[in-house]
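Architecture and fold: a report
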Amino acid sequence: MNILCIGGGPAGLYFALLMKQRHPAHRVVVVERNRPFDTFGWGVVLSDQTLDNLRRADAPSARLIGDAFNHWDDIEVFFKGRSVRSTGHGFCGIGRKHLLNILQDRCMALGVELVFETDVTDDQALAAQYGADLVIASDGLNSRIRNRYASAYQPDVDLRQCRFVWLGTRKTFDAFTFAFEQTEHGWFQAHAYKFNEDTSTFIVEAPESVWKAHGLDTLSQEDSIAFCERLFARYLEGHQLISNASHLRGAAIWIRFPRVVCKTWVHRETIGGRQVPIVLMGDAAHTAHFSIGSGTKLALEDAIDLADEFDTGHDMDTVLQGYEARRSVEVLKIQNAARNSTEWFENVTRYSGMQIEQFAYSLLTRSQRISHENLRLRDARWLEGYEGWLAGGPPVLPMLTPFRVRDVALKNRIVVSPMATYSAVNGVPQDFHLVHLGARALGGAALVMVEMTSPDAQGRITPGCPGLWNDEQQAAFARIVEFVHGQSSAKIGLQLGHSGPKGSTQLGWETTDEPLVAPGGHADAAPNWPLLAASAVAYGEQNQTPRAMSLDDMQRVKQAFVEATRRAAAAGFDWLELHCAHGYLLSSFITPLTNQRTDEFGGSLENRCRYPLEVFRAMREAWPAHLPMSVRISAHDWAPGGHTADDAVAVARLFKAAGCDMIDVSSGQTTRAAQPVYGRMYQTPFADRIRNEAGIQTIAVGAISEADHANSIIAAGRADLCAIARPHLADPAWTLHEAARLESRAVQWPRQYLSGRDQLYREISRQKQLAALASPPPSATKSVANPEET
């Protein structure tokens, strides 16, 4: 096979040497526009894990790269005149030029043809010249090939908000250093690390608005570098900052990072009468922000993956399909983490009110890939010190620290999220609800929330959803509250909400969100009830079109919420939440996708929130002043023209001004056109932003499935409580079991916050965990499982 790599960066060179090493009969050519020793970067960073991957792929080059690496374990954060240092992080730094030279030498030793100083303007002509069977487009961030076939690759390029400049210095740092300096216009930050014996990379970054406020967009290269030297003088200790981009003039050395995502990575062109695949690799296919140091890592791992796939012996189409399928997923994981990291650095002001202890923890866990227990593996002593600082005493797992809202004291930070169970009869909770909620109250969580409960019969989502509009329903709830208060140390809350345009639908185990059908499947004969919404906009093609609420409707429903609030107080609930999310009635007012009103309740965000705020204020007045109220919102509609995170912060501020204590931060489900970007803790960044920008306490919810997640969220100040849903369905004692699992290697549960029953259950959980740790693996024993245990 004839392979042509256009672009002699890490991706092109590494793929070339791997293919030549494994298939010596191939002709492999790399064409690069620069000279062999040209480079316009400084050092690059790779993790220990990436270096292990290189050793497995090509030991000789990995050995040379490893020998050239400067290895360090520490990260040091400087903020507001203080510093925090932690260890165990495992980084390697190497000069970009040195890395390329090692790869070039290895290519030549294997017989790869390297062609320098050739600027490729026509990839098809070059492919024809070399008789290429495969073209690798490894021509970097500003890929001409990607741009030429943009209609095929469908690239999405997002220019981020910060300006940064990539510099060097002779000051050598003995840790990966993050330095933050506040100016009269905002924050600048430096990312600095040593990559050889006498040189460090020094990246300076700031939001574009701050950068412009200082006039850096008008300064010469020399003057802007001098500005950075003055700003970071305390860290440079007299050393100068150096640029190796002399070909750029003025502000051109400051760039905005482009996040690149391509829908497809493989395109075919007819060249010389044959279909030749042109395959994106490295920065041509994707980018990840430098703050997680993964650009070079991704490029090298692209090369390894495609080379490995060719080793399978499959045909070209299968090989390329497998490469794109696997790598696009791996890249998406990195890019999601990089997005979180990028946004953290774009919004340093958001976290500037923190003390350095929490600021540094937030920085270290900003990507959500590094968790609390991962930090314990890296530096247990530092983490236990931080846990003690956070708890104000002996170290305690963050999720087990107590929390107080108004007069309600929660024993820890875990909430059983409200989850629809479709088991009420005529709105009346049944024995099922007593067992379901009671079991979870005994399971260690601090607060158990009842599923969305309607203030009237028409506000139910399904016929199986609970309500609170009559005495029978109130008495049934009071029975559950009495059990929780009498038999556990948990608190119990009620979520009130009206289904609006999403009502009169089937039970959750039937066809979700679809209208009721009569026996035999006839929708026309089904007992559907009329729907209300902000505007006459149906949730879906099969759903009823709701009636736009009149002022009389609004007054009547508001009064129903008030009456349900009074009943909730009479039933003894500790907490009340108003549901303004997920496309239900009040959500239909807030999102512009469903609010088409032209009166004072439509148009601007303030107008769209007017009715939900009226309802909330009326409920707050009826709810006891010493008890807390929260509001659940959809922080993002995940659909064009819909609500965004910016809107969510504004909505949170409005509810805060109305007397709301906490925002329960969910997202989506307001339109069937939504396309959420899922992932672990995927909604937590919204909670983080609302908490630290709007200045209101938040509840994080969504794909939080481990104690490790909850500990990271609480410790970083991204939210104040964590609502756990599905894990509590699988395990009512999730909190106790997770805490017991971590206790075996971490800090202790604060006993003063446990009832006697809690302590008994906790001890049972702990003993089971210790027994499991002490037991031999299944393969080492022939004993039959105890039927009682089973």
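Quick look at the structure, then. (Residues numbered from 1 in each chain as written. Predicted model: local features only at pLDDT ≥ 70, side-chain atom pairs only at ≥ 80, totals over all residues. Heavy atoms only, no water.)

Describing the overall build of the chain
Defined as follows: Put simply, DSSP H or I for four residues or longer makes a helix, DSSP E for two residues or longer makes a strand, and each gets a number counted from the N terminus. A radius of gyration in this sense is built from C-alpha atoms; the matching globule rule multiplies 2.2 Å by the number of residues raised to 0.38. The cut-offs for exposure are 20% and 50% of the maximum accessible area for each residue type, with area from a 1.4 Å probe on protein chains only; residues under the lower value are buried, those over the upper are exposed, and the others partly exposed.
Helix and strand counts for the chain stand at 28 helices and 29 strands. Relative to the 2.2 N^0.38 estimate, which gives 28 Å for 790 residues, the radius of gyration of the chain is 30 Å and therefore close to what a compact globule would have. By principal-axis analysis of the C-alpha atoms, the chain measures approximately 85 × 70 × 60 Å. Taking all 790 residues of the chain together, 59% fall into the buried category.

Comments concerning the packing of aromatic side chains
Heads up, the condition is: Classification of ring pairs rests on two measures: the distance between centres of Phe, Tyr or Trp rings, Trp counted by its six-membered ring, which must be within 6.5 Å, and the angle between planes, read as stacked under 30 degrees, edge-to-face over 60 and tilted in between. Two thresholds decide whether a charge sits over a ring: the Lys NZ or Arg CZ must be within 6 Å of the ring centre and within 35 degrees of the ring normal.
What the rule picks out here adds up to 39 aromatic pairs. With centroids separated by 6.1 Å and ring planes inclined at 50 degrees, the aromatic side chains of W211 and W254 adopt a geometry described as tilted. On the criterion of sequence distance, the pair formed by W211 in helix α8 (residues 208-213) and W254 in the loop between β14 (241-242) and β15 (255-262) is long-range, its members being 43 residues apart. W254 matches W211 in its accessibility class, with the two residues each being buried. Taken together, W72, F79, F91, F176, F178, F180, W187, Y193, W344, F345, Y351 and F359 form an aromatic cluster joined through their ring pairs. Directly above the ring of Y539 sits K502, whose terminal nitrogen or CZ lies 4.5 Å from the centroid. Between K502 and the ring centre of Y584, over which it is positioned, the NZ or CZ distance is 4.9 Å.

Quick look at the packing of helix α2 (residues 48-57) against helix α3 (residues 59-68)
This is how the line gets drawn: To obtain each axis, a line is fitted to C-alpha atoms, and for helices this fit is confined to the stretch in contact; angles are then taken between N-to-C directions over 0 to 180 degrees. Should the near helix be turned anticlockwise from the far one by less than a right angle, the crossing is left-handed, and should it be turned clockwise, the crossing is right-handed. By definition, residues are in contact when any of their heavy atoms lie within 4.5 Å. For this classification, Asp, Glu, Lys and Arg are treated as charged, while Ala, Val, Leu, Ile, Met, Phe, Trp, Tyr, Cys and Pro are nonpolar and the rest, including Gly, are polar.
Where α2 meets α3, the closest approach of the two axes is 6 Å, and the angle between their N-to-C directions is 145 degrees. Between α2 and α3 lies a crossing whose hand is left-handed. Across from L51, L54, R55 and A57 in α2, the residues of α3 making contact are A59, A62, I65 and G66. Tallied by class, the residues present in the contact of α2 with α3 amount to six nonpolar, one polar and one charged.

Topic: the environment of T591
Rule in force here: Pairs of N or O atoms are called polar contacts if they sit within 3.5 Å, as long as, within protein, a hydrogen donor faces a hydrogen acceptor (for residues adjacent in sequence, only side-chain-to-side-chain pairs).
Within the secondary structure, T591 sits in the loop between α20 (585-590) and α21 (605-608). Here T591 falls in the buried class, since its relative accessible area comes to 2%. Non-local contacts of T591, meaning those with residues more than four positions away in its chain, are made with R608, D637, H643 and T670. Within the structure, the side chain of T591 is placed 2.5 Å from the side chain of D637, a separation counted as a polar contact.

Quick notes on the environment of H71
Inspection of the secondary structure puts H71 in strand β4 (residues 70-72). Separated by 26 residues in the primary sequence, H71 and V45 place their C-alpha atoms 9.6 Å from one another. Sequence-distant contacts of H71, defined by excluding residues within four places in its chain, comprise D48, G90, F91 and C92.

Some remarks on the pattern of salt bridges
Oppositely charged side chains can pair when the atoms bearing their charge come close. We apply this condition: By convention in these notes, a salt bridge is any Lys or Arg side-chain nitrogen within 4 Å of a carboxyl oxygen on Asp or Glu.
Applying the stated criterion across every chain yields a total of 47 salt bridges. Note that E346 is salt-bridged to R160, the shortest N-O span being 2.8 Å. Separated by 186 residues along the polypeptide, E346 in helix α12 (residues 316-346) and R160 in strand β10 (residues 155-169) bring together distant segments of the chain. Here R479 makes a salt bridge to D431, at a shortest N to O gap of 2.8 Å. Linking R479 in helix α18 (residues 471-487) with D431 in helix α17 (residues 431-441), this pair joins segments that are 48 residues apart in sequence. Beyond isolated ion pairs, a larger network of salt bridges with shared partners links D74, E76, R85 and D174.

Brief notes about the sheet that holds strand β3 (residues 43-47)
Rules: For two strands to pair, DSSP has to find at least two bridges joining them.
The sheet built from three strands is open, its strands ordered β3-β7-β4 with antiparallel pairing. The strands lining the two open edges of the sheet, one partner per strand, are β3 and β4. Neighbour-to-neighbour, the strand axes of the sheet open up by a mean angle of 25 degrees, direction not taken into account. The pairing of β4 with strand β7 (residues 91-95) spans three bridges and is classified as antiparallel. If you follow H71 over to β7, its bridge partner there is C92. The strands that helix α4 (residues 96-110) touches are β3 and β7; relative to β7, the one it contacts most, it runs at about 80 degrees.

What about the side chain of D637?
Position of D637 among the secondary structure elements: in the loop between β26 (629-634) and α23 (645-657). Of the polar contacts made by the side chain of D637, one reaches the backbone nitrogen of H643; its length is 2.6 Å. Beyond its immediate chain neighbours, meaning those up to four positions away, D637 contacts T591, P592, L593, G642, H643, G668, T670, T671 and A674.

Things to note about the pairing of strand β13 (residues 199-207)
Burial analysis of β13 places nine of its nine residues in the buried class, the great majority of the element. Every second residue of β13 is oriented toward a common face, with T199, T201, I203, E205 and P207 on one face and S200, F202, V204 and A206 on the other, all of them buried. Relative to β13, β10 runs antiparallel, the two sharing eight bridges. Looking at β13, one finds that W166 is bridged to I203. In this structure, strand β12 (residues 186-196) lies alongside β13, joined through seven bridges in antiparallel fashion. Paired with N196 across the two strands is T199, which belongs to β13. A loop of two residues connects β12 with β13, the two strands running antiparallel in sequence.

Remarks on the nonpolar core
Stated formally: What makes a nonpolar core is a set of buried Ala, Val, Leu, Ile, Met, Phe, Trp, Tyr and Cys residues whose side-chain atoms join them at distances within 4.5 Å.
With 99 residues, the main nonpolar core has F573, I663 and I690 as its most contacted residues. A62, L126, L298 and A303 belong to the second largest nonpolar core, which has 73 residues in total.

Looking at the side chain of D574
The condition that has to hold: Counted as positive: Lys and Arg. Counted as negative: Asp and Glu, with His and the chain ends omitted from the count.
Note that D574 resides in the loop between α19 (551-571) and β25 (575-580). Buried charged residue D574 carries no salt bridge. Nearest counter-charge: K491, at 5.0 Å. Polar contacts involving the side chain of D574 include one to the side chain of H485, which spans 2.7 Å. Among the polar contacts listed, one links the side chain of D574 to the backbone nitrogen of I492, at a separation of 2.9 Å. Beyond its immediate chain neighbours, meaning those up to four positions away, D574 contacts V408, H485, K491, I492, W623, L627 and P628.

Some words on the packing of α17 against α18
What counts, and what does not: For classification, angles of less than 35 degrees are called roughly parallel, those exceeding 145 degrees roughly antiparallel, those between 65 and 115 degrees roughly perpendicular, and all remaining angles oblique.
Contact geometry for α17 and α18: axes closest at 10 Å, N-to-C directions at 25 degrees. With respect to each other, α17 and α18 are oriented roughly parallel. Crossing geometry of α17 relative to α18 is assigned as right-handed. Judged by residue contacts, D431, H433, L434, L437, G438 and A441 of α17 engage R479, I480, F483 and V484 from α18. Classifying every residue of the contact of α17 with α18 gives six nonpolar, two polar and two charged.

Some thoughts on helix α1 (residues 10-22)
To be explicit about the condition: Multiplying 1.5 Å by the helix residue count minus one yields the expected span of that helix.
Helix length check: α1 (13 residues) gives 18 Å between terminal C-alpha atoms against 18 Å at 1.5 Å per residue, within 8%. By the criterion of burial, α1 is predominantly enclosed, with 11 of the 13 residues buried. Looking at α1, one finds that the buried residues are P10, A11, G12, L13, Y14, F15, A16, L17, L18, M19 and K20.

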